[in-house]
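A structural walkthrough
So you can see what is in the structure, the chains are spelled out below.
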Amino acid sequence: MGSMGRMKLGSQGLEVSKQGLGCMGMSAFYGPPKPEEDMIQLIHHAVSSNVTFLDTSDIYGPHTNEILLGKALKGIREKVELATKFGISYEGGVRDVRGDPAYVRASCEASLKRLDVDCIDLYYQHRIDTRVPIEVTMGELKKLVEEGKIKYVGLSEASASTIRRAHAVHPITAIQLEWSLWTRDAEKEIIPTCRELGIGIVAYSPLGRGFLSSGPKIVDTLTEQDCRKDFPRFHPENLEKNATIYERVNAMATRKGCTASQLALAWVHHQGNDVCPIPGTTKIENFNKNVAALSVKLTPEEMVELESCASEDYVKGDRYGSTMWTSKNSETPDPSSWRGV
């Protein structure tokens, strides 16, 4: 196992393991929930391997992933940096995004209870409510920090202007965004904004939702409940073209003596010491392989070669279907227009 170092995430004092563990797939969205005992064993294995930055959300399940983490963290809470999120609600089967103060507070209280902890280390707004000024949402998060319920504040899938406005109310510690060899849209504006403001970057789906690990054959293993079936990049008309990306990455990995997923993950690690990827997995053997990606070293020439395998014009299909909210449209109203809910 490669040795798992530590890194400063953002400029507010949070320190995390250089690689985190995304916990979503243990409970939701990527097929049926996995056996609880196995997942608790995996989380314990991660923490004993010094991967201590654990990522969940109240919408994973919904709620069941937080409950799972609560059980797994019994007796080891002080060893981990625990991140969860609020903002996506499912009420009566209807998906909504909320950032009004009452919802922020109620969500935080509920997450604390499910996780069975006194304080959340990093609390993200999962998606941006475009009806509520970001200043209003941040105002409530700031109160939760002052009350000791959360330590640090993050945003997920936020636009550069939203990040700036939020950071002016209370310092943002981390932005979570999708970043991998085949998803690079954040590099234009969002990542430079984070760097200018001293905000850490947490990269989710650094393995292209498993595509950069398994290639097109991943589609044959997806169950009916797997949300990836709905993602344009996994649709048959795009999959064939995207297969070339995987083949090129895999060929390069073979030359380097590592796996395609280790090469793809190493690429994210090489983006800078302010970037923490959080690959998810439900298998200890895959977890170990992900940790070993830290010992894959890439030269500037290899970085260029790798990027040419997955340049923008090669990647076919959007990263999300049209029903998903992403940073592209996360503008919020002017605070002077806010009248409350």
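Reading the values: rules and limits
- Residues numbered from 1 in each chain as written.
- Predicted model: local features only at pLDDT ≥ 70, side-chain atom pairs only at ≥ 80, totals over all residues.
- Heavy atoms only, no water.
- Helix = DSSP H or I, 4+ residues; strand = E, 2+ residues; numbered from the N terminus.
- Rg over C-alpha atoms; globule rule 2.2 N^0.38 Å.
- Buried < 20%, exposed > 50% of the residue type's maximum accessible area, 1.4 Å probe, protein only.
- Areas by Shrake-Rupley, 256 points an atom, 1.4 Å probe, with all protein chains shown as cover.
- Lys, Arg positive; Asp, Glu negative; His and termini not counted.
- Charge placed at Lys NZ, Arg CZ, Asp CG, Glu CD.
- Phe/Tyr/Trp six-rings, centres within 6.5 Å; stacked < 30°, edge-to-face > 60°.
- Pairing = 2+ DSSP bridges.
- Axes fitted to C-alpha atoms, helices over the stretch in contact; angles between N-to-C directions.
- Right-handed = clockwise from strand over helix to strand, strands pointing away.
- Polar contact = N/O pair within 3.5 Å; in protein donor to acceptor, adjacent residues only side chain to side chain.
- UniProt positions renumbered as here; feature names shortened; annotations may be inferred.

**Observations concerning the overall build of the protein chain**
The secondary structure content of the protein chain amounts to 13 helices and 12 strands. For 341 residues, the compact-globule estimate of 2.2 N^0.38 gives 20 Å, and the C-alpha radius of gyration of the protein chain, at 19 Å, lies within 12% of that figure. The principal-axis extent of the C-alpha atoms belonging to the protein chain is close to 55 × 45 × 40 Å. Here the protein chain, with 341 residues, has 56% of them falling under the buried criterion. On the protein chain, roughly 14,200 Å² of surface is accessible, and the fraction owed to carbon and sulfur atoms is 52%. Measuring between centres, the 41 positive side-chain charges of the protein chain sit 2 Å from its 45 negative side-chain charges.

**Side note on the packing of aromatic side chains**
Under the definition given, this model contains seven aromatic pairs. Taken together, a centroid distance of 4.6 Å and an interplanar angle of 10 degrees make the contact between W182 and F211 stacked. Taken together, the positions of W182 in the loop between β10 (174-178) and α7 (190-197) and F211 in helix α8 (residues 211-214) put the pair 29 residues apart, joining distant regions of the chain. A residue is classified by how much of its surface remains accessible, and W182, at 4% relative accessible area, is buried. Under the relative-accessibility criterion, F211 is labelled buried at 0%. Summarising the aromatic geometry, the rings of W182 and F234 are spaced 6.1 Å apart at their centres and angled 90 degrees between planes, so their arrangement reads as edge-to-face. Linking W182 in the loop between β10 and α7 with F234 in the loop between α9 (218-221) and α10 (236-256), this pair joins segments that are 52 residues apart in sequence.

**Structural notes on the sheet that holds strand β4 (residues 53-55)**
Taken together, eight strands build an open sheet; the order of strands is β3-β4-β5-β8-β9-β10-β11-β12 and the sheet is parallel. The sheet is open, and its two borders are formed by β3 (20-22) and β12 (275-277), each paired with just one other strand. Looking at each pair of strands side by side, their axes are set apart by 25 degrees on average, direction ignored. When strand β8 (residues 120-125) meets strand β9 (residues 150-156), the two strands line up parallel, connected through five bridges. Along β9, the bridge assignment pairs Y123 with V153.

**Some words on the pairing of β8**
By the criterion of burial, β8 is predominantly enclosed, with six of the six residues buried. Bridge count between strand β5 (residues 81-86) and β8: four bridges; the pairing is parallel. Paired with T84 across the bridge in β8 is Y123. Taken together, β8, helix α5 (residues 134-146) and β9 constitute a β-α-β crossover, and its handedness is right-handed.

**Section: the side chain of Q125**
Topologically, Q125 is positioned in strand β8. A polar side-chain atom of Q125 sits 3.2 Å from the main-chain carbonyl oxygen of R127.

**A few points about the UniProt feature "domain: NADP-dependent oxidoreductase" (unreviewed entry) in the protein chain**
Here, UniProt's "domain: NADP-dependent oxidoreductase" (unreviewed entry) annotation points to residues 23-309. For residues 23-309, the helix share is 45%, the strand share is 15%, and the end-to-end C-alpha distance is 29 Å.

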